[in-house]
Amino acid sequence: MKLEMKDSPGQLVSVIQPISDIGGNILSVIHERDPEAGGDLLDVQIMCEIPEGSLDTLLAEFRTREITVLRVGEERLLVRRSVILIGHLIHTDIGDTIDRIDSTGYAEVHELSMVMPAINEPSSAKMTIKSDCLTDINRALGILRDVAGDKGFLIIEPLEGN
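Keep in mind it's a predicted model, so treat the numbers as computed, not measured. Along each chain, the written sequence defines residue order, and numbers are assigned to residues from 1. In view of the model being predicted, local features appear only for residues whose pLDDT reaches at least 70, and side-chain atom pairs are presented and counted only at 80 or more, with totals across whole chains, interfaces and linings using the full set of residues. To get the side-chain values, all heavy atoms of the structure are used, and hydrogens and water are removed first.

Caption draft 1: Layout of the side chain of Gln11. Going along the chain from the N terminus, every DSSP run of H or I of four or more residues is numbered as a helix, and every run of E of two or more is numbered as a strand. For Gln11, the location among the structural elements is in helix H1 (residues 11-21). In contact with Gln11, not counting residues within four places along its chain, are Met5 and Lys6. The contact criterion used is simple: two residues touch if any of their non-hydrogen atoms lie within 4.5 Å.

Here it is, written out as structure tokens:
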């Protein structure tokens, strides 16, 4: 869920408590304050598991607490890390490299953009991997490091902070 709420002390508890009250399990919370946005509202993303049939009850409780639900969905994989790959990426089968991450079941390649200056020149790519948690992102990056060692390309990582 992506929620919008007042940016004041105790508001995060007003989101977490109703989820707990219906027997839900919180998997992750992403709460980022944007100092440039100003105003008194805050966006929060919560990944949770709730009992079947309890969504309407939860949404009604959020309304009574003046919490705006911006999105409800099945999207997962909220943690992202981007790296730069440099080498003969096409010649070493970039599809295989992507498959090794995607086949894990806990991470996937979310974005890939490439620059190929010439057929015999090294190419470069920005690859973004996403997962449910930082532990799994790090596991996926470990796989990518192994692939890079096997295929002889360089990884510059991570582009975001930890």
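Text resumes after the structure shown.
Caption draft 2: Representation of the nonpolar core. In plain words, nonpolar cores are sets of buried Ala, Val, Leu, Ile, Met, Phe, Trp, Tyr and Cys residues tied together by side-chain atoms within 4.5 Å. The rule is simple: take the accessible area with a 1.4 Å probe, protein chains only, and divide by the maximum for that residue type; under 20% is buried, over 50% is exposed, in between is partly exposed. Core analysis: the biggest nonpolar cluster contains 21 residues, and Leu85, Met127, Ile129 and Leu144 have the highest contact counts within it. At the level of elements, strand S5 (79-87), helix H3 (94-102), strand S6 (107-115), strand S7 (123-131) and helix H4 (134-151) are the ones that each hand at least two residues to this core. Tallying contributions element by element places H4 first for this core, with six residues. Met5, Val15, Ile19 and Leu58 belong to the second-largest nonpolar core, a separate cluster that totals twelve residues.

Caption draft 3: Here's a closer look at the sheet that holds strand S8 (residues 154-156). Strand order in the open sheet formed by four strands is S6-S7-S5-S8, and the pairing between neighbours is antiparallel. Of all the strands in the sheet, the pair left with one neighbour each is S6 and S8. Along the sheet, successive strands turn relative to each other by an average axial angle of 25 degrees, direction set aside. Two strands form a pair only when DSSP identifies at least two bridges running between them. With eight bridges joining them, S6 and S7 adopt antiparallel strand pairing. Paired with Glu108 across the bridge in S7 is Lys130. Across the sheet, H3 touches S5, S6 and S7, and the angle it forms with S6 is around 155 degrees. Axis lines are fitted through C-alpha atoms, for helices just across the contact stretch, and the angle between N-to-C directions can take any value from 0 to 180 degrees. Helix-sheet contacts for H4 involve S5, S6, S7 and S8, and the interaxial angle to S5 is about 10 degrees.

Caption draft 4: Quick peek at the packing of aromatic side chains. Any two rings among Phe, Tyr and Trp, with Trp reduced to its six-membered ring, count as a pair given centres within 6.5 Å; such a pair is stacked if its planes are under 30 degrees apart, edge-to-face if over 60, and tilted if neither. Overall, the coordinates contain zero aromatic pairs when judged by the stated rule. Two limits define a charge over a ring: the Lys NZ or Arg CZ must be within 6 Å of the ring centre, and within 35 degrees of the ring normal. The residue whose ring lies beneath Arg139 is Tyr106, and the NZ or CZ to ring-centre distance is 3.7 Å.

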